[in-house]
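# Fold and geometry: a report
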Amino acid sequence: MVYAIVRAGGRQEKVSVGDFVTLNRVAGEVGSTIELPALLLVDGDKLTTKAADLANVKVTAEILEDLRGKKIVIQKYKNKTGYKKRQGHRQELTRVKITGIK
């Protein structure tokens, strides 16, 4: 089994060919391909961690859709002062499909 650990959107993800991964928003059109930097590559019993060897590894992914995450609510409250603040946030996300690890 071949898989790689890639850096994507401020996090590290374990991916293999055919996986669907949701990342923080990636610039690009739907249907275009992007390349993700590999931090570790496992090919059966062979483990690659050296930066010089990983520079040759290419993990490609196809952008499937742009979406937004679940809404979170931020509430702040100070007792006895009448201070209340309510704010919401939805993270911008991109769903990609891993197409190749070379």
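Up top is the structure.
The text that follows walks through the structure, step by step, so that each part is easy to find. Here the structure is a predicted model, which means the values were calculated and not measured.

## Let's talk about the overall build of the protein chain
- Within the protein chain one finds 1 helix and 10 strands.
- Taken from N to C terminus, the helices and strands of the protein chain fall in the order β-β-β-β-β-β-α-β-β-β-β.
- Taken over C-alpha atoms, the radius of gyration comes to 19 Å for the protein chain, far larger than the 13 Å a tight globule of 102 residues would show.
- Looking at the protein chain residue by residue over its 102 residues, the buried ones come to 27%.
- In the protein chain, once contacts between residues fewer than 6 apart in sequence are set aside, the share between residues at least 24 apart is 66%.
- Working note: accessible area of the protein chain is about 7200 Å², and carbon and sulfur atoms make up 49% of it.
- Across the protein chain, the 20 positively charged side chains and the 11 negatively charged ones have centroids separated by 16 Å.

## Description of the pattern of salt bridges
- The tally for this structure, following the rule as stated, stands at 6 salt bridges.
- The partner of Glu92 in a salt bridge is Arg25, and the shortest N-O contact between them spans 2.8 Å. Of this pair, Glu92 sits in strand E10 (residues 92-101) while Arg25 sits in the loop between strand E3 (20-24) and strand E4 (33-36), and the two are 67 residues apart along the sequence.
- Classification of Arg25 as partly exposed rests on a relative accessible area of 38%.
- Here Glu35 and Lys58 are joined by a salt bridge, their closest N and O atoms 4.0 Å apart. Separated by 23 residues along the polypeptide, Glu35 in strand E4 and Lys58 in the loop between helix H1 (51-54) and strand E7 (59-68) bring together distant segments of the chain.

## Observations concerning the side chain of Ser16
- Relative to the elements of secondary structure, Ser16 occurs in the loop between strand E2 (11-15) and E3.
- Ignoring any residue separated from it by four or fewer positions in sequence, one finds Ser16 in contact with Met1, Val2, Tyr3, Ile98 and Ile101.

## Overview of the side chain of Glu13
- Along the chain, Glu13 falls in strand E2.
- One polar contact links Glu13 to Arg11, side chain to side chain, over a distance of 3.2 Å.
- In this structure, Glu13 is in contact with Ala4, Ile5, Val6, Val21, Thr22 and Leu23, ignoring residues within four places of it in sequence.

## Focus: the sheet that holds E3
- Pairing within the open sheet is antiparallel, and its 4 strands lie in the order E3-E10-E7-E4. If you trace the sheet from one side to the other, it starts and ends with E3 and E4, each paired once. Across this sheet, the average inter-strand angle for adjacent strands is 45°, counted without regard to direction.
- By the bridge criterion, 5 bridges tie E3 to E10 in an arrangement that is antiparallel. What sits directly across from Phe20, in E10, is Lys97.

Calculation rules
Residues numbered from 1 in each chain as written. Predicted model: local features only at pLDDT ≥ 70, side-chain atom pairs only at ≥ 80, totals over all residues. Heavy atoms only, no water. Helix = DSSP H or I, 4+ residues; strand = E, 2+ residues; numbered from the N terminus. Rg over C-alpha atoms; globule rule 2.2 N^0.38 Å. Buried < 20%, exposed > 50% of the residue type's maximum accessible area, 1.4 Å probe, protein only. Contact = heavy atoms within 4.5 Å. Areas by Shrake-Rupley, 256 points an atom, 1.4 Å probe, with all protein chains shown as cover. Lys, Arg positive; Asp, Glu negative; His and termini not counted. Charge placed at Lys NZ, Arg CZ, Asp CG, Glu CD. Salt bridge = Lys/Arg side-chain N within 4 Å of Asp/Glu carboxyl O. Polar contact = N/O pair within 3.5 Å; in protein donor to acceptor, adjacent residues only side chain to side chain. Pairing = 2+ DSSP bridges. Axes fitted to C-alpha atoms, helices over the stretch in contact; angles between N-to-C directions.

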